[in-house]
Protein chains: 2
Amino acid sequence: MSLDYQTEMSRLYKLAQKFNCFYLSGLGCPEYKPFFVEGYQVGLVRPDVMKQLLKYPEVFMVGPSGVELNPAFRDYEERSNQVDKVLKELRKENVFIALKGWRDENYEVKTDFLSKSLLKMDRCATCLFGIRNYGVDINGYVRHPTLGLCLWFQKRSPTKQTWPGKWDNMVGGGLSVGHGILETAHKEAMEEASIPEHLLCNLISAGCVSFFFESERGLFPNTEFVFDLELPVDFVPVNSDGEVETFELLPASQCLEKMLTADFKTTSTPVALDFLIRHGIVSPENEREYLKIIELLHVPLQSIYGKCTPNSIKENGTSLHSISK
Amino acid sequence: MSLDYQTEMSRLYKLAQKFNCFYLSGLGCPEYKPFFVEGYQVGLVRPDVMKQLLKYPEVFMVGPSGVELNPAFRDYEERSNQVDKVLKELRKENVFIALKGWRDENYEVKTDFLSKSLLKMDRCATCLFGIRNYGVDINGYVRHPTLGLCLWFQKRSPTKQTWPGKWDNMVGGGLSVGHGILETAHKEAMEEASIPEHLLCNLISAGCVSFFFESERGLFPNTEFVFDLELPVDFVPVNSDGEVETFELLPASQCLEKMLTADFKTTSTPVALDFLIRHGIVSPENEREYLKIIELLHVPLQSIYGKCTPNSIKENGTSLHSISK
């Protein structure tokens, strides 16, 4: 198979820039302020969000240097409940598109994947605070006797709150409170695509992708744990939770074409792109910007937060506490 | 196969820190000064190197803000020849270990992989200037019926100038002036391991790794183009250029053990580690620091140089020219 994507490939680099629009253009802009919990930076807040949080001074301390969750809250439960109450009020007031997608499914808020969670927050709200979030994706692929390497894509249900009707990876889901990585992969594989256990045992962990996207909803510093699953030629995924409209098996070249259209969920393209790179479809021979694209699939989110704490702000003479009180 | 590397895995994170010792601890230290050619930063220079370059003011302009190659040199050829002359003199004086490994094989000096080369330099000298360098590596692997996933490693010849007698990936080589990526992969596969064409046609491009290492020789901001090659169970690599002492096929778990010893070439471990991650041997289930390790296999070398130019130094009132003259 000899592919020449020379014309399309600059489009792939543009795609990598698109799913990293915040990493490349927003990060470091002074209007985005750090969000601190218990002295740790766990996110970034846009001016429109800060403006709304000013209405809840008993929960959020808003100052020119950032937003701090009231340090008087004693523990995980109290922090989670207090934030939840504010978010539910904001949701009623209908000020943020993001909150329309309320799911009653929580993400952990922490400084690092391994660190202790400081609070939980409804997943739809985490983008308002730029909280790092973690997901799991499965590349379902087939080595087709005539079409070569093919990938299964799903078309999201038109009733989904986010990216309705867009094309997406075969299986994907966020890591919610109380669920492990492999557990989430298996759960989503069964719910979204009815993949039986005897096929799921071939699931291979294959790395991760990290990128920092921004949309009108908010900020998305995302890390996806990536799995590959080779499927038999005659297997067809069937949705069982109502979240998928249809599935389609596409040869690699058509996958690239689809990923480059506005019909594909932007934040799902890094996983498919990484797959096509790892399997030699996108290579240094057909993609000039190969190195830059791979770098943009692994942006250093580990070191983006946590460089500055409310204490360091205080040392500079601008305590958040004194400002907000 | 259920592996539990919980104890060894923190060792893998330490290994990732080791091959990124300069990225994590040296970068940003004021004693390392930028090296400029034609207004572009192409490297970093240590104080001991700067001291030697002071002896050649007609070639290198050394000032407190960095080192600049004489901008009076007209073109690629003149720059290459002038630098070559200095390096050969320094080699005779025996001041740098790095120059003992003179190879008469040149690397291009450029700001970016795609940009025009500014000069060429003997490969042994590039680490003295912290020039970004590019290589090609092949993971030769076998799906063994009883041992599972196995990797071929080579033991470097005890007469090699760098890392003599150390274990290494099956095939690897630097991208020299005039040679392409795939071309280098094929050339090295034949020279180092006598892999026949009918097997090489299965070579799969599988991404790249980037890291920034420092040793007593110098600085290594390295990017390796990674290829995977599945080999038949009965194939045995045979060296034909005298640079390899022996080859050994090891099951994945033993590969990890070997990579963690001082007997393995540090700067070759990222390629093997990336392979073991992509093939599910090192996974989020058995490696706590999975995300951090993957980040350290893809450090953002694209943006490390080129932030500051002699012009910006001049604007700050410290022209390199005026300092060195």
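Residues numbered from 1 in each chain as written. Chains lettered and ligands numbered in written order. Predicted model: local features only at pLDDT ≥ 70, side-chain atom pairs only at ≥ 80, totals over all residues. Heavy atoms only, no water.

Asker: Can you help me understand the overall build of chain A in this one?
Answerer: For chain A, the helix and strand inventory stands at 11 helices and 13 strands. Rg of the C-alpha trace for chain A: 21 Å, near the compact-globule value of 20 Å for 325 residues, within the 12% margin. A buried classification covers 59% of the 325 residues belonging to chain A. For chain A, the share of sequence-separated contacts (at least 6 apart) that also reach a separation of at least 24 residues comes to 68%. Of the roughly 13,100 Å² of accessible surface on chain A, 51% is carried by carbon and sulfur atoms. Charge separation in chain A, taken as the distance between the mean sites of 35 positive and 43 negative side-chain charges, equals 6 Å. (Helix = DSSP H or I, 4+ residues; strand = E, 2+ residues; numbered from the N terminus. Rg over C-alpha atoms; globule rule 2.2 N^0.38 Å. Buried < 20%, exposed > 50% of the residue type's maximum accessible area, 1.4 Å probe, protein only. Contact = heavy atoms within 4.5 Å. Areas by Shrake-Rupley, 256 points an atom, 1.4 Å probe, with all protein chains shown as cover. Lys, Arg positive; Asp, Glu negative; His and termini not counted. Charge placed at Lys NZ, Arg CZ, Asp CG, Glu CD.)

Asker: Would you mind showing me how to read the environment of A:H144 here?
Answerer: Residue and element names in this part refer to chain A. Relative to the assigned elements, H144 resides in strand β7 (residues 133-144). Each C-alpha atom of the pair H144 and S194 lies 21 Å from the other, and the pair is 50 residues apart in sequence. Those residues in contact with H144 that sit more than four places away from it in its chain are C150 and V233. Here the side chain of H144 touches T146 through a polar contact of 3.1 Å, landing on its backbone nitrogen. (Polar contact = N/O pair within 3.5 Å; in protein donor to acceptor, adjacent residues only side chain to side chain.)

Asker: Got a minute to help me understand the packing of helix α7 (residues 252-259) of chain B against helix α8 (residues 269-278) of chain B in this structure?
Answerer: Helices that pack against each other are described as a pair by the angle of their axes relative to one another and the distance between those axes. Residues and elements named next belong to chain B. At a closest axis distance of 11 Å, the pairing of α7 and α8 adopts a crossing angle of 150 degrees. Between α7 and α8, the crossing angle belongs to the class labelled roughly antiparallel. In this structure, α7 crosses over α8, and the sense of that crossing is left-handed. Within the contact between the two elements, α7 uses A252, C255, L256 and M259 and α8 uses T269, A272, L273 and L276. For the contact of α7 with α8, the residue count by class is seven nonpolar, one polar and no charged. (Axes fitted to C-alpha atoms, helices over the stretch in contact; angles between N-to-C directions. Parallel < 35°, antiparallel > 145°, perpendicular 65-115°, else oblique. Left-handed = near helix turned anticlockwise from the far one by under 90°. Nonpolar A, V, L, I, M, F, W, Y, C, P; charged D, E, K, R; others polar.)

Asker: Is there a simple way to explain the relation of the copies chain A and chain B in this structure?
Answerer: Each of the two chain copies can be generated from the other by rotation about an axis followed by a shift along it. With an RMSD of 0.0 Å, the fit of chain A onto chain B corresponds to turning through 180 degrees and sliding 0.0 Å along the axis. What we have between these two chains is a two-fold relation. Relative to the rotation axis, the C-alpha of A:H298 is the closest in chain A, positioned 3.2 Å from it. A share of 100% of the interface residues of chain A reappears at the interface of chain B, consistent with the copies meeting face to face through the same patch. (Least-squares fit on C-alpha atoms with pLDDT ≥ 70 in both.)

Asker: Looking at this model, I keep getting lost on the domain arrangement of chain A. Mind explaining?
Answerer: The figure often quoted for interface size is the accessible area lost as the parts come together. All names here are of chain A. Examined at the domain level, chain A breaks down into domain 1 (6-23 + 133-302) and domain 2 (31-131). Computed from C-alpha coordinates alone, the two centres of domain 1 and domain 2 are separated by 28 Å. Counting residues at the interface gives 21 residues for domain 1, matched by 22 residues for domain 2. Here domain 1 packs against domain 2, burying approximately 1,800 Å² in sum over the two surfaces, 56% of which is carbon and sulfur. Among the residues of domain 1 in contact with domain 2, V177, R217 and L219 are the three that bury the most area, contributing 32% of the side total. Here domain 1 is connected to domain 2 by one salt bridge. Here R46 and E214 are joined by a salt bridge, their closest N and O atoms 2.7 Å apart. Our count for the domain 1 to domain 2 interface comes out at nine residue pairs in polar contact (both at pLDDT 80 or more). (Domains from an automatic or database assignment. Buried area = accessible area lost by both parts, 1.4 Å probe. Salt bridge = Lys/Arg side-chain N within 4 Å of Asp/Glu carboxyl O.)

Asker: Sorry if this is basic, but what is going on with unusual backbone geometry here?
Answerer: Residues other than glycine predominantly adopt negative phi, and peptide bonds predominantly adopt the trans conformation. At A:D104, a residue that is not glycine, the phi angle is positive and equals roughly 50 degrees. A positive phi angle, close to 50 degrees, is found at B:W163, a residue other than glycine. Turning to its location among the elements, B:W163 is positioned in the loop between β8 (148-156) and β9 (167-169).

Asker: Where do I start with the UniProt feature "domain: Nudix hydrolase" (unreviewed entry) in chain A in this structure?
Answerer: Feature annotation in UniProt places "domain: Nudix hydrolase" (unreviewed entry) on residues 133-274 of chain A, given in this structure's numbering. For the annotated span residues 133-274 of chain A, helix accounts for 22% and strand for 42% of the residues, and the straight-line distance between the end C-alpha atoms is 19 Å. (UniProt positions renumbered as here; feature names shortened; annotations may be inferred.)

Asker: Hey, could you run me through the environment of B:P47 in this one?
Answerer: Its location among the elements puts B:P47 in helix α3 (residues 47-53). The spatial distance from the C-alpha of B:P47 to the C-alpha of B:Y32 is 6.7 Å, given a sequence separation of 15 residues.

Asker: I would appreciate a short explanation of α7(B) in the present structure.
Answerer: Here α7(B) has its buried residues at B:A252, B:C255, B:L256, B:K258 and B:M259. Buried residues of α7(B), seen end-on, are gathered within an arc of 165 degrees and therefore sit on one face of the element. (Arc of directions from axis to C-beta.)

Asker: Whenever I open this one, the interface of chain A and chain B confuses me. Can you help?
Answerer: Contact residues are listed per partner, giving 34 residues for chain A and 34 residues for chain B. With both sides pooled, the region where chain A packs onto chain B buries about 2,800 Å², and carbon together with sulfur makes up 65% of that total. The largest contributions to the chain A side of the interface with chain B come from A:L114, A:L291 and A:E295, which together make up 23% of the buried area. The tally of links from chain A across to chain B stands at two salt bridges. Between A:K292 and B:D112 there is a salt bridge whose closest N-O contact spans 3.7 Å. Summed over the shared surface of chain A and chain B, the number is 10 residue pairs in polar contact (both at pLDDT 80 or more).

Asker: Explain empty space enclosed by the protein to me, please; I cannot follow it from the model alone.
Answerer: Where empty space is left in the structure can be found by rolling a water-sized probe over the atoms. Using the criterion set out here, one finds five cavities of 30 Å³ or more in the structure. In terms of lining, the largest cavity is formed by 17 residues, of which the most central are A:D274, A:R278, A:H298, B:D274 and B:H298. For the lining of the largest cavity, the secondary structure elements donating two or more residues are β11 (204-214) and α8 (269-278) of chain A together with β11 (204-214) and α8 of chain B. For the lining of the largest cavity, the class distribution of residues is nine nonpolar, four polar and four charged. (1 Å grid on protein atoms, 1.4 Å probe; cavity = no way out; pocket = protein on both sides within 12 Å on 5 of 7 lines; lining within 4 Å. Points joined across faces, edges and corners; volume = space filled by probe spheres on them.)

Asker: What exactly am I supposed to notice about the packing of aromatic side chains here?
Answerer: Geometry of an aromatic ring pair is reported as the spacing of the ring centres plus the angle between the planes. Inspection of every chain in the model, using the stated rule, returns 26 aromatic pairs over all chains. An angle of 50 degrees between the planes, with centres 4.6 Å apart, marks the rings of A:F22 and A:F212 as tilted. Placement of A:F22 in helix α2 (residues 21-26) and of A:F212 in strand β11 is noted, with a sequence separation of 190 residues between them. Comparing A:F22 with A:F212, the two get one shared label, buried. An aromatic cluster of at least three residues, connected via ring pairs, comprises A:F113, A:Y134, A:F225 and B:Y290. The ring of B:F113 is capped by B:K110, whose NZ or CZ atom sits 4.8 Å from the centre of that ring. The aromatic ring of B:W167 is capped on one face by B:K258, whose charged end is 3.8 Å from the ring centroid. (Phe/Tyr/Trp six-rings, centres within 6.5 Å; stacked < 30°, edge-to-face > 60°. Lys NZ or Arg CZ within 6 Å of the ring centre and 35° of its normal.)

Asker: So what exactly am I meant to see when it comes to the nonpolar core here?
Answerer: Taken as a class, soluble globular proteins show a tendency for nonpolar side chains to be buried jointly. A:F35, A:F60, A:F129, A:L276 and B:I195 are the most contacted members of the largest nonpolar core, which has 103 residues in total. The element contributing the most residues to this core is α8(A), with six residues. The contact partners of A:F60, leaving out residues within four places of it in the chain, are A:F35, A:L53, A:V67, A:E68, A:L69, A:V83, A:V86 and A:F129. By size, the runner-up hydrophobic cluster in this structure holds 102 residues, among which are A:V142, B:V86, B:W102 and B:F212. (Core = buried A, V, L, I, M, F, W, Y, C linked by side-chain atoms within 4.5 Å.)

Asker: Before we go on, may I ask you to explain α8(A) in this structure?
Answerer: Because an α-helix completes one turn every 3.6 residues, residues spaced three or four positions apart along the sequence face the same direction. Residue and element names in this part refer to chain A. Taking burial as the measure, the 10 residues of α8 include 10 buried ones, the bulk of the element. Among the residues of α8, T269, P270, V271, A272, L273, D274, F275, L276, I277 and R278 are the ones counted as buried. Immediately beyond the C-terminal end of α8, within one or two residues, lies G280, with a positive phi of roughly 75 degrees.

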